[in-house]
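Survey of secondary and tertiary structure
Each chain is listed here by its residues.
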Amino acid sequence: GAGVSQSPSNKVTEKGKDVELRCDPISGHTALYWYRQRLGQGLEFLIYFQGNSAPDKSGLPSDRFSAERTGESVSTLTIQRTQQEDSAVYLCASSAYTGSGNTIYFGEGSWLTVV
Amino acid sequence: AQKVTQAQTEISVVEKEDVTLDCVYETRDTTYYLFWYKQPPSGELVFLIRRNSFDEQNEISGRYSWNFQKSTSSFNFTITASQVVDSAVYFCALSRDGNNRLAFGKGNQVVVIP
């Protein structure tokens, strides 16, 4: 597609349930990034992919968070045993390469509410 | 450590007024990139500008202009003759390593009053 596509756009889940958030990057973009934005806050880096590999997972807030990418395309962010503090917008972004300065394009985000 | 500070949280202006958003950054890198993004109520981050650390020329794009000053580690953004459609949160960001991860400021909420 023309832009970064994310699904679901909105998700309400009960505390303790697992959720999966999906990201379709811009076609041909080798770099993919996940960010989290809590209400009224800036963006917090979670993880990035270079191709299908995630060289640095240190941004993930806990071991309940994991992400994978297949076919150098779609990525899934999984949150296990969700907690209320996980409520946030999860933004996916992609860029042509991971090299510094490449413009990063963002999707509209997946709004997650944990009740 | 890389850090971006946007001190003004919410700024309200009357339509047609100018508004300047301050961005101050910290980095130990000699090569780095700075960005501004706009986040309208829909939530999508819209890319506005990218500037590398070696290019200190100011830039103007329509009603938008940017003032990059390495001496003060600032990359300020001005909207001239603001319009209601400019109401959004504006984020300044710094590309903090060779893998293009961005460190964001907390954003400036701009409210343009008709």
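Before any of the text, the structure's been laid out above.
Residues numbered from 1 in each chain as written. Chains lettered and ligands numbered in written order. Predicted model: local features only at pLDDT ≥ 70, side-chain atom pairs only at ≥ 80, totals over all residues. Heavy atoms only, no water.

**Overview of the interface of chain A and chain B**
Note: interface size is frequently given as the accessible area lost on complex formation between the parts. Rules: Between two residues, a contact is recorded if the distance between any of their heavy atoms is within 4.5 Å. A quick way to say it: buried area is the sum, across both parts, of accessible area lost when two parts are put together, with a 1.4 Å probe. We define a salt bridge as a contact between a side-chain nitrogen of Lys or Arg and a carboxyl oxygen of Asp or Glu at a distance within 4 Å. Only DSSP runs of H or I reaching four residues or more are called helices, and only runs of E reaching two or more are called strands; each is numbered from the N terminus. Under the scheme applied here, ten amino acids are nonpolar (Ala, Val, Leu, Ile, Met, Phe, Trp, Tyr, Cys and Pro), four are charged (Asp, Glu, Lys and Arg), and all others, including Gly, are polar.
Taken together, the contacts link 23 residues of chain A with 22 residues of chain B. Where chain A abuts chain B, roughly 1,900 Å² becomes buried across the two surfaces, and 50% of that area is made up of carbon and sulfur atoms. At the boundary of chain A with chain B, the tally comes to zero salt bridges. Going through the elements one at a time, β4 (31–37), β5 (43–50) and β8 (88–95) of chain A are the ones with two or more residues in the side of chain A that touches chain B. Broken down by element, the residue count for the side of chain A that touches chain B peaks at four residues, all from β5 of chain A. Per-class residue counts for the side of chain A that touches chain B are nine nonpolar, 12 polar and two charged.

**So, the packing of aromatic side chains**
Two numbers describe a pair of aromatic rings. These are the distance of the centres and the angle of the planes. All names here are of chain B. To keep things clear, this is the line we draw: The criterion for an aromatic pair is that two Phe, Tyr or Trp rings (for Trp, the six-membered ring) have centres within 6.5 Å, with stacked assigned to planes under 30 degrees apart, edge-to-face to planes over 60 apart and tilted to the rest. We call a residue buried when its accessible area falls under 20% of the maximum for its residue type, exposed when it is over 50%, and partly exposed in between, using a 1.4 Å probe and counting protein chains only.
In this structure the tally under the stated criterion is 22 aromatic pairs over all chains. Judged by centre distance (6.3 Å) and plane angle (45°), the ring pair of Tyr25 and Phe68 falls under tilted. In this pair, Tyr25 sits in strand β4 (residues 24–26) while Phe68 sits in strand β8 (residues 64–69), placing the two residues 43 residues apart along the sequence. You can call Phe68 buried: its relative accessible area is 2%. Ring geometry for Phe68 versus Phe75: centroids 5.7 Å apart, planes at 80°, classification edge-to-face.

**A word on the environment of Cys23 of chain A**
Residues and elements named next belong to chain A. Of note, Cys23 is situated in strand β3 (residues 19–24). The buried category is assigned to Cys23, whose relative accessible area is 0%. The sequence separation of Cys23 and Gln6 amounts to 17 residues, and the corresponding C-alpha distance is 4.6 Å. Setting aside its immediate chain neighbours within four residues, Cys23 contacts Val4, Ser5, Leu32, Trp34, Ser73, Val74, Ser75 and Cys92.

**Observations regarding the nonpolar core**
General note: in soluble globular proteins, nonpolar side chains tend to be found buried as a group. Residues and elements named next belong to chain B. Quick note on the threshold: Among the buried residues, those of types Ala, Val, Leu, Ile, Met, Phe, Trp, Tyr and Cys that are joined through side-chain atoms within 4.5 Å form a nonpolar core.
Formed by 24 residues in total, the largest nonpolar core has its most connected members in Leu21, Trp36, Trp66, Phe77 and Tyr90. Mapped onto this core, the elements with two or more residues apiece are β2 (10–14), β3 (19–21), β5 (33–39), β6 (46–52), β8, β9 (74–79), β10 (88–95) and β12 (108–113). Ranked by the residues each element gives to this core, the list is headed by β10, at four residues.

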